[in-house]
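# Commentary on secondary and tertiary structure
Residue-level listing of the chains:
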Amino acid sequence: MAPLVLLHGLGSRRQVWDPLRPALPARLADVRALDLPGFGATPATGAASVPALADWVLATVPPPFHVAGSSMGAGVALELGRRGAALSVTAFAPIGFWGPVSRRWCQASVTAARACARTCGPALPRLASAAAGRVALFGLFFGHPTRVDPVAGVADARALAAAPGFAAARDAFAGHRFGDAGALADIPVTVVWGSRDLILPAFQARRAARLLPGARHVRLRGCGHLPFNDDPHMCAELIAATA
């Protein structure tokens with residue numbers, strides 16, 4: 001079977017997918033979770049916009065492949081599907097279905113989370129060890145922040161604080177809005193939103209449904225912007241069903 005490519009969001013890293021990977025079926029054995037340029041372990045290359053990141057993915061993993069993406073990575077996944085490079089697309093809270101106000105909110109809220117991670121610095125492990133601290137640190141991203149593993153959460157926060165590609169990718173959001181669906185009408189597409197998404201609120205799912213009428217649209221009750229920790233089995237099931 002063709003590989004499954006997993007693409008994280010702004011300020012994140014490939015490990016964001018770890019909670020759901022054990023729940024993926026055996027037929028999806030070739031799973032390639034990527035650190036996009038300037039995030040995680042991948043150096044910055046200057047690629048920041050959705051089209052440029054899609055170019056980078058195509059240079060890294062030869063198509064065709066199945067792809068699932070989160071937030072910014074979901075925008076890239078839809079672009080790969082639009083170009084005809086992906087066999088299927090599962091998009092969790094994709095960017096690009098926003099208006100000017102909600103786009104600025106997304107940029108500002110993730111920037112604030114990055115500033116918090118930088119400010120807390122050495123105190124992150126102590127804060128994450130308590131349930132109240134996890135709510136404060138991770139509540140913006142997860143529907144159930146107390147369930148976040150403290151070690152993984154601290155590592156994610158430090159990756160967000162350190163990501164050299166953050167500013168360029170965030171600023172490139174201003175030029176991105178979903179438009180031409182291209183080849184997406186010819187492949188399986190699932191668009192997923194968590195009902196507790198505070199970064200890209202779920203009302204944006206209505207615009208996604210209008211622009212992608214042939215896609216499957218799913219609302220995950222009680223899940224946040226990163227639903228993979230809130231409901232890993234359902235997220236894995238959605239990817240598997242789409243692929």
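Overview of the structure.

Conventions adopted
- Residues numbered from 1 in each chain as written.
- Predicted model: local features only at pLDDT ≥ 70, side-chain atom pairs only at ≥ 80, totals over all residues.
- Heavy atoms only, no water.
- Core = buried A, V, L, I, M, F, W, Y, C linked by side-chain atoms within 4.5 Å.
- Buried < 20%, exposed > 50% of the residue type's maximum accessible area, 1.4 Å probe, protein only.
- Helix = DSSP H or I, 4+ residues; strand = E, 2+ residues; numbered from the N terminus.
- Contact = heavy atoms within 4.5 Å.
- Pairing = 2+ DSSP bridges.
- Axes fitted to C-alpha atoms, helices over the stretch in contact; angles between N-to-C directions.
- Arc of directions from axis to C-beta.
- 1 Å grid on protein atoms, 1.4 Å probe; cavity = no way out; pocket = protein on both sides within 12 Å on 5 of 7 lines; lining within 4 Å.
- Points joined across faces, edges and corners; volume = space filled by probe spheres on them.
- Nonpolar A, V, L, I, M, F, W, Y, C, P; charged D, E, K, R; others polar.
- Parallel < 35°, antiparallel > 145°, perpendicular 65-115°, else oblique.
- Right-handed = clockwise from strand over helix to strand, strands pointing away.

### Remarks on the nonpolar core
Counting residues in each nonpolar core, the largest one holds 84 residues, and the members touching the most others are Trp17, Val57 and Val89. The dominant element in this core, judged by the number of residues it contributes, is helix H2 (residues 72-82), at six residues. Each residue touching Trp17, except ones within four places of it in the same chain, is listed here: Leu6, Leu7, His8, Ala33, Ala68, Gly69, Ser70, Phe92, Phe228 and Ile239.

### Some words on the sheet that holds strand E3 (residues 65-70)
Sheet architecture is open: six strands sit in the order E2-E1-E3-E4-E5-E6, paired in parallel fashion. The strands lining the two open edges of the sheet, one partner per strand, are strand E2 (31-34) and strand E6 (216-220). With strand direction ignored, the average angle separating the axes of adjacent strands in the sheet is 15°. The strands touched by H2 within the sheet are strand E1 (4-7), E3, strand E4 (86-92) and strand E5 (189-194), with E3 carrying the most contacts at an inclination of about 150°. The strands touched by helix H10 (residues 232-242) within the sheet are E1, E3, E4, E5 and E6, with E4 carrying the most contacts at an inclination of about 155°.

### So, helix H5 (residues 131-138)
When H5 is considered as a whole, its buried residues turn out to be Gly133, Arg134, Leu137 and Phe138. On an axial view of H5, the arc spanned by its buried residues comes to 100°, and they lie on one face. Exposed and facing more than 90 degrees away from the buried side of H5 are Ala132 and Ala136.

### Some points on empty space enclosed by the protein
Tallied over the entire structure, the rule returns one cavity of 30 Å³ or more. Taken together, the residues that form the lining of the largest cavity break down as seven nonpolar, two polar and no charged.

### Quick look at the packing of helix H3 (residues 100-120) against helix H6 (residues 150-162)
Packed helices, taken two at a time, are described by the angle their axes make and the gap between the axes. Two numbers describe how H3 lies on H6: the axes approach to 8 Å, and their chain directions differ by 105°. Here H3 is positioned roughly perpendicular relative to H6, judged by the angle of their axes. Along the contact surface, H3 presents Val110, Ala113, Arg114, Ala117 and Arg118, while H6 presents Ala157, Leu160, Ala161 and Ala162.

### Description of the pairing of E5
Counting buried residues in E5 gives six out of six residues, a clear majority hidden from the surface. The two faces of E5 match: Val189, Val191 and Trp193 on one face and Thr190, Val192 and Gly194 on the other face are all buried. Relative to E5, E4 runs parallel, the two sharing four bridges. Looking at E5, one finds that Phe92 is bridged to Val192. Alignment of E5 against E6, held across five bridges, turns out to be parallel. Within E6, the position partnered with Thr190 by the bridge is Arg216. Following the chain from E5 across helix H8 (residues 204-211) to the adjacent parallel E6, one finds a crossover that is right-handed.

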